[in-house]
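These are the residues of each chain, in order.
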Amino acid sequence: MAPPRELWSLLLLAPFLCPCFINVASVDIGKCEELRLGQYICDTPKINDITQEPENCTNNTAFVPCMPAPNITCKNDSGIVNSFNGKEVGFYKPFPCRNVTGYSYKVAVALSLFLGWLGADRFYLGYPALGLLKFCTVGFCGIGSLIDFVFISVQIVGPADGSNYIIDYYGARLTRLTIDNDTYRKRQTDM
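Residues numbered from 1 in each chain as written. Predicted model: local features only at pLDDT ≥ 70, side-chain atom pairs only at ≥ 80, totals over all residues. Heavy atoms only, no water.

Turning next to the pairing of strand β2 (residues 61-68). With three bridges joining them, strand β1 (residues 40-42) and β2 adopt antiparallel strand pairing. Bridge pairing links C42 to C66 in β2. Examined bridge by bridge, β2 and strand β5 (residues 91-96) share six bridges and lie antiparallel to one another. Bridged to A62 within β5 is F95. (Pairing = 2+ DSSP bridges. Helix = DSSP H or I, 4+ residues; strand = E, 2+ residues; numbered from the N terminus.)

Attention now goes to unusual backbone geometry. Positive phi, close to 60 degrees, is recorded for N60, a residue that is not glycine. Of note, N60 is situated in the loop between β1 and β2. Given the relative accessible area of 44%, N60 is considered partly exposed. One non-glycine residue, N71, adopts positive backbone phi at about 65 degrees. Among the structural elements, N71 can be located in the loop between β2 and β3 (73-75). Judged by its relative accessible area of 68%, N71 falls in the exposed class. (Buried < 20%, exposed > 50% of the residue type's maximum accessible area, 1.4 Å probe, protein only.)

A few words now on the packing of aromatic side chains. On inspection of all chains with the given rule, the structure shows three aromatic pairs. Geometrically, the ring pair formed by Y40 and F91 is edge-to-face, given 5.3 Å between the ring centres and 70 degrees between the ring planes. Highlighted residues: Y40 in strand β1 and F91 in strand β5, separated in sequence by 51 residues. An identical accessibility class is assigned to Y40 and F91; each is buried. Here Y105 and Y165 contribute two aromatic rings whose centre-to-centre distance is 5.5 Å and whose plane-to-plane angle is 65 degrees, an arrangement assigned as edge-to-face. Placement of the pair is Y105 in helix α3 (residues 105-115) and Y165 in strand β7 (residues 164-166), with a sequence separation of 60 residues. Just above the ring of Y127 sits the side chain of R122; from NZ or CZ to the centre is 5.2 Å. (Phe/Tyr/Trp six-rings, centres within 6.5 Å; stacked < 30°, edge-to-face > 60°. Lys NZ or Arg CZ within 6 Å of the ring centre and 35° of its normal.)

Following this line, the structure appears as C-alpha cells:
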C-alpha cells in the first residue's frame, strides 16, 4: 500500500520548510590548531640536560606534538579532514623557549656574592672592562659589588652576548614585561 499523496508532498517540501537540514549539510570542520582546551593533549617537551631548555629550540620557539581526543574530526595543515583515535599526532603546538649559550645563573650569583669585589662576576659574564674597573677599585669600595649582586640576582644584568642564563627548567626565572606601541591600554574611568 502506497503512502497517501499528502504525505509525499510533505516529505518533498520538508527540506525547504525546515532550515535545520541545510545547517546539518553545511557543517564547517575547523583546523586542528583551533581545537579547544580539553579536545587535545600535548606531549611534554623534551628538555636538554645541558641548556635546560626544550630540544630543537629555534627562534625562541619549540614545537611539541599534540593528539586530538578520540572521535574528534578536524583539518590538518594541508586541509585534509581526519578523524582521530587519540593516539595520532594531529598538529604541532608552538612552545616558547629561550636562547642560552652557557652562562649559568647559579655560577653568576655565586661569583657576584663571593668574588664580586674582584670583578669576577663581570669577567664571567663577558664584561672585561667593567671587571677590570671593579678589580682596580676593589668593587667600587664595596658599593658596586652590592649593586651588581642585586642586579645579577634579579636578572637585570645578563650575559654580554644577549643570551639568557641557564636556569633549571622548573627553577626561578623571570619574564620581563614590556609596553610598546602595539600594547593595548584600557582607558580609566573617572570615579
